[in-house]
Amino acid sequence: MMSRLVYLFLFLVYNFNIALAKNPSVIIVGAGPSGIAAATKLLENSVTNITILEAEDRIGGRIHTVEFGDTFVDLGAEYCHGEKGNIVFTLANNLGLLEHSDPLSSENNKIYDSKGSAIDSELALELKSTLNTYDDVDTTGNASLGDAFLKKYNVTVLKKYTNEEQNLEVATDAIKMLQDLIVMHEGSFTWQQPAAGRHYTACEGDQALTWKRGGYRIILDILMKSYPNPDQKLPIDDKILLTKKVNKVIWNDNGVVVRCSDNSSFTADHVIVTTSVGVLEKNKASLFEPSLPKEKLNAIEATGFNGIMKIIIRYPQKWWKDDDVNFFFLWRKRDLFKIIDEFPDGPRKDGVSWASFISAIVKVPNNANVFVVWVSGELVPEIEKVSEDVLLRGCNYVIKKFLGKDYNVTDADKILRSQWNTNPNFLGTYSYEKVGYFKEDFSYQAQLAEPLVDNKGKPIVLFAGEATHPTLYSTVHGAISSGLREAGRIMDLKK
Ligand SMILES: Cc1cc2nc3c(=O)[nH]c(=O)nc-3n(C[C@H](O)[C@H](O)[C@H](O)COP(=O)(O)OP(=O)(O)OC[C@H]3O[C@@H](n4cnc5c(N)ncnc54)[C@H](O)[C@@H]3O)c2cc1C
């Protein structure tokens with residue numbers, strides 16, 4: 001009798017374990033592209049016991065497509081960068097959703113200075129080509145991107161104009177514009193923060209594909225299979241819990257308990273944490289129990305995460321020419337300090353107005369009268385707090401100052417702005433590799449991706465998100481690939 005009971009017990013435990021291994025429970029923290037990608041891959045592979053906890057009241061994370069007047073605009077990710085090896089391109093191109101656009105580095109941009117003059121075409125070409133190849137710098141010696149860039153700029157551009165006083169002055173003043181535009185690509189506040197070296201590898205092909213309709217949000221629909229055929233949507237809706245802010249991840253060899261700020265808690269075999277590295281940095285001491293290991297903390301420390309700001313404006317009528325796409329703004333040094341008198345509203349830094357942190361306006365493709373005003377630099381978190389009224393007046397003031405002589409610029413009448421840096425669920429825009437940490441043969445991103453495992457090596461706490469991708473960090477395609485990677489890690493346990 002006894003032996004039959006033991007047998008029955010062992011039989012139940014065995015089958016329970018098989019069931020567990022076949023359908024483990026998984027909590028995903030964050031419903032950005034990496035979290036949604038992980039969830040959809042798990043669902044497609046019959047791992048159905050999943051719960052996605054999202055702090056915001058929407059899914060998408062740093063993909064945030066918003067209705068603006070009679071059109072859609074992206075407050076977060078906007079471009080699909082590259083084709084080969086790019087999961088976004090692979091998923092969207094066959095559906096005919098992508099088209100070429102003119103990004104910040106386009107040859108078609110015009111550069112104006114704060115006196116209202118278009119920059120001499122030869123110098124403008126020189127500045128644009130410098131910008132196009134800004135990361136092609138000497139990476140030996142652990143220099144910052146800014147220092148390495150300036151070293152090259154001195155030789156390739158400034159030296160060329162040594163005997164042309166006027167061009168030399170403009171090319172020297174252009175350094176601020178170049179820094180502003182470069183940090184826009186990098187996501188840092190200054191160009192002294194990123195390392196000159198990088199592991200980022202651009203996917204071959206068009207670096208500036210945009211969405212013909214609907215904005216970047218459609219990639220989430222493609223992942224969830226609700227596009228192109230809504231009937232084929234994966235059963236994901238009831239697994240996503242919005243406004244569930246996770247503030248504790250407690251784990252041991254038996255699994256994980258995840259607690260939220262509303263005192264609800266969830267248990268599972270595994271958790272995939274997809275929050276931005278900014279959120280990890282801010283909450284690293286309180287979010288995990290036991291605390292994160294030293295290697296993980298080092299990886300967080302080595303990863304830079306600041307941010308840029310987008311202000312989206314609409315004009316009631318067109319004032320630009322048909323072939324105009326983007327305008328870059330080159331602040332002349334002496335104008336920088338004068339504008340406080342002309343436009344005194346809003347924050348300032350070292351005596352310089354926030355408005356001088358506007359360095360470009362970029363036409364939004366397929367949106368006839370809408371521009372994105374790009375703002376970058378150390379004042380961004382302060383600028384995010386400025387009222388919409390002041391922001392709109394500041395944009396109107398700057399655009400008229402630069403373009404008012406050549407164009408009959410009217411006032412924009414509608415505005416929308418991003419607040420990524422001050423939103424506690426993001427605390428920045430995209431990650432970069434910090435100066436002082438870059439090592440050619442070591443990946444802090446891979447270290448960030450390493451799961452925390454039980455005593456048998458089984459992963460319990462897994463990490464996804466753009467900053468965990470060794471070569472495609474900072475992008476949506478990197479984020480999606482990282483989510484698929486971590487879902488794969490859980491599915492491997494079933495084999
Ligand atoms: C302004 C801007 C422009 C960009 N432009 C481009 C571009 O053109 N092309 C491109 O490829 N990429 C671009 N990016 C980067 C791209 O958007 C990101 O790399 C990508 O969206 C990151 O996805 P993720 O899933 O890693 O993180 P996220 O999108 O940040 O998702 C993480 C989720 O976790 C949630 N969360 C955070 N904390 C908690 C918590 N405690 N509890 C529960 N949930 C939490 C967040 O709310 C968020 O939804 C841009 C980003 C920004 C902000």
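Reading guide: rules and limits
- Residues numbered from 1 in each chain as written.
- Predicted model: local features only at pLDDT ≥ 70, side-chain atom pairs only at ≥ 80, totals over all residues.
- Heavy atoms only, no water.
- Helix = DSSP H or I, 4+ residues; strand = E, 2+ residues; numbered from the N terminus.
- Polar contact = N/O pair within 3.5 Å; in protein donor to acceptor, adjacent residues only side chain to side chain.
- Near = heavy atom within 4 Å.
- Nonpolar A, V, L, I, M, F, W, Y, C, P; charged D, E, K, R; others polar.
- Buried < 20%, exposed > 50% of the residue type's maximum accessible area, 1.4 Å probe, protein only.
- Pairing = 2+ DSSP bridges.

Looking at an unreviewed UniProt entry, one finds the protein named Amine oxidase domain-containing protein, with Zophobas morio as its source organism.

Chemist: I tried to follow the environment of Ser 443 on my own but got confused; where do I start?
Modeler: Along the chain, the position of Ser 443 falls in the loop between strand S22 (431-433) and helix H13 (444-449). For the pair Ser 443 and Thr 471, spaced 28 residues apart in sequence, the C-alpha to C-alpha distance is 8.9 Å. Polar side-chain contacts of Ser 443 include one of 3.3 Å to the side chain of Gln 445. A polar contact of 2.9 Å, which involves the side chain of Ser 443, links it to the backbone nitrogen of Ala 446.

Chemist: What is the right way to read the site of the ligand from this model?
Modeler: Taken together, 37 residues surround the ligand, and among them Ser 34, Glu 54, Arg 62, Tyr 79 and Glu 466 come closest. Within the side chain of Ser 34, an N or O atom sits 2.7 Å from an oxygen atom of the ligand. Counting only elements with at least two residues in the shell around the ligand, the list comes to helix H2 (33-44) and helix H14 (476-492). Of the residues that constitute the shell around the ligand, the class distribution is 16 nonpolar, 14 polar and 7 charged.

Chemist: Help me understand unusual backbone geometry in this model?
Modeler: A negative phi holds for most residues other than glycine; trans holds for most peptide bonds. Between Tyr 227 and Pro 228 the backbone carries a cis peptide bond, its omega angle lying at 5°. For Pro 228, the location among the structural elements is in the loop between helix H7 (218-223) and strand S8 (240-241). With omega at 0°, the peptide bond leading from Glu 289 into Pro 290 counts as cis. As for its placement among the helices and strands, Pro 290 is situated in the loop between strand S13 (288-289) and helix H9 (294-302). You will see that Asn 263, though not glycine, has its phi angle at about 75°, which is positive. Tracing the backbone shows Asn 263 in the loop between strand S10 (255-260) and strand S11 (265-268). The phi dihedral of Ser 474 falls on the positive side, at around 80°, and the residue is not glycine. In this fold, Ser 474 is placed in the loop between strand S24 (459-463) and H14.

Chemist: I tried to follow the pairing of S11 on my own but got confused; where do I start?
Modeler: Consecutive side chains along a regular strand alternate between the two faces of the sheet. The two faces of S11 differ: Phe 266 and Ala 268 on one face are buried, but Ser 265 and Thr 267 on the other face are not. The sheet contact formed by S10 and S11 spans 4 bridges and is antiparallel. In the strand pairing of S11, Val 257 is matched with Thr 267. The loop that links S10 with its antiparallel partner S11 comprises 4 residues; one of these, Asn 263, has a positive phi angle of about 75°.

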